[in-house]
Amino acid sequence: QQQVKQSPQSLIVQKGGISIINCAYENTAFDYFPWYQQFPGKGPALLIAIRPDVSEKKEGRFTISFNKSAKQFSLHIMDSQPGDSATYFCAALDDKIIFGKGTRLHILP
Amino acid sequence: GAGVSQSPSNKVTEKGKDVELRCDPISGHTALYWYRQSLGQGLEFLIYFQGNSAPDKSGLPSDRFSAERTGGSVSTLTIQRTQQEDSAVYLCASSRDKSSYEQYFGPGTRLTVT
């Protein structure tokens, strides 16, 4: 079965630090890798996405690093802020989207 | 324009009752998804509609769960004979089409079965 494995399950980072969330996949047919951000009481919202022909994509403080040979990708949040505290889901798209199980991120003020 | 809307936002029901959850997708989006999110858990895929094609029901956990999409727009998720383990947040999402990676989620319906 197609899977996207996400880690860690939860993460606590000091304000100003770097938050790193990792994902690994098995299906080499996946051709799009989005990250979603979910605040309590809200539905997930697209944060940033990358295609496998690119090794890195940066949008503001958020960066996706992609390692095609290792079948791994990660989200880096630079200068983490309390407002970044949320649950983050990685995902992979083939003919349908497969989500990781999520990472609950808490940024200490 | 309006995003994905879901109703009701909260639903409390007694065990054994049937419930209907509604989703209004973004106008023009041909793909519609239902997910279930239990407390602190990830997104569990339930069912997927794409245009007029037969829905992908592979994620429905039991035959008590069903969904329909009328006129290619509004969708209703029905849970019959609800059980306490059905308590969760039910999320609906729509996307432009099947191949679009950007899904737009509604705020969800929090279902509590007592």
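Please read all numbers here as calculations on a predicted model, not as lab measurements. Counting of residues starts from 1 at the beginning of each chain's written sequence and follows it residue by residue. Here every chain gets a letter starting at A, and every ligand a number starting at 1, in the order they are written. Given that the model is predicted, a residue must reach a pLDDT of at least 70 before its local features are reported, and side-chain atom pairs must reach 80 or more before they are shown or counted; all residues, however, enter totals for whole chains, interfaces and linings. Heavy atoms throughout the structure, all of them, feed into the side-chain values; hydrogens and water do not.

To continue, consider the state of the cysteines. Residue and element names in this part refer to chain B. Cysteine sulfur atoms are paired as a disulfide whenever they come within 2.5 Å of each other. Inspection of every chain in the model, using the stated rule, returns two disulfides over all chains. Here Cys-23 engages in a disulfide with Cys-92; their sulfurs sit 1.8 Å apart. The sign of the -60 degrees torsion about the S-S bond sets the Cys-23-Cys-92 disulfide as left-handed. On the criterion of sequence distance, the pair formed by Cys-23 in strand β3 (residues 19–24) and Cys-92 in strand β8 (residues 88–95) is long-range, its members being 69 residues apart. Here a strand is any run of E in DSSP of at least two residues, a helix any run of H or I of at least four, and the numbering for each starts at the N terminus.

A separate point is the sheet that holds strand β1 (residues 5–7) of chain B. All names here are of chain B. Each pair of strands is called paired provided DSSP finds at least two bridges between the two strands. If you walk across this open sheet you meet the four strands as β1-β3-β7-β6, and the pairing is antiparallel. At either margin of the open sheet sits one strand with a lone partner, and together these are β1 and β6 (65–69). Adjacent strand axes in the sheet meet at a mean angle of 15 degrees, parallel and antiparallel pairs treated alike. Alignment of β1 against β3, held across three bridges, turns out to be antiparallel. Following the sheet pairing, Gln-6 is matched in β3 by Cys-23. Throughout, an axis means a line fitted to C-alpha atoms (over the contacting stretch in the case of helices), and angles, computed between N-to-C directions, take values from 0 to 180 degrees.

This part is about the nonpolar core. As used in this record, nonpolar core signifies buried Ala, Val, Leu, Ile, Met, Phe, Trp, Tyr and Cys residues forming a set joined through side-chain atoms within 4.5 Å. When accessible area is computed with a 1.4 Å probe and restricted to protein chains, residues below 20% of their type maximum are described as buried, those above 50% as exposed, and intermediate ones as partly exposed. Judged by nonpolar contacts, the single largest core of 25 residues is most densely connected at A:Val4, A:Phe33, A:Trp35, A:Phe73, A:Leu75 and A:Tyr88. Within the residue set of this core, elements represented by two or more residues are β2 (10–14), β3 (19–25), β4 (33–38), β5 (45–50), β7 (62–67), β8 (72–77), β9 (86–93) and β11 (103–108) of chain A. Top contributing element to this core by residue count: β9(A), with four residues. Should any heavy atoms of two residues lie within 4.5 Å, those residues are counted as being in contact. Beyond its immediate chain neighbours, meaning those up to four positions away, A:Val4 contacts A:Cys23, A:Ala24, A:Phe30, A:Phe73, A:Cys90, A:Ala92, A:Ile98, A:Phe99 and A:Gly100. Formed by 20 residues, the second largest nonpolar core is a distinct cluster that contains B:Leu21, B:Leu60, B:Ala67 and B:Val113.

With that settled, the discussion passes to the pattern of salt bridges. Here, a salt bridge means any Lys or Arg side-chain nitrogen found within 4 Å of an Asp or Glu carboxyl oxygen. Following the criterion strictly, the structure yields six salt bridges over all chains and no others. The partner of B:Asp97 in a salt bridge is B:Arg96, and the shortest N-O contact between them spans 3.5 Å.

Turning our eyes to something else, we now look at the pairing of strand β10 (residues 109–113) of chain B. Residues and elements named next belong to chain B. Here β10 shows a buried face lined by Thr-109, Leu-111 and Val-113 and an unburied face lined by Arg-110 and Thr-112. With four bridges connecting them, strand β2 (residues 10–13) and β10 associate as parallel partners. By the bridge assignment, Lys-11 is partnered in β10 with Leu-111. Judged from the three bridges that link them, β8 and β10 form a sheet pairing that is antiparallel. Bridging from a neighbouring strand, Tyr-90 pairs with Thr-109 of β10.

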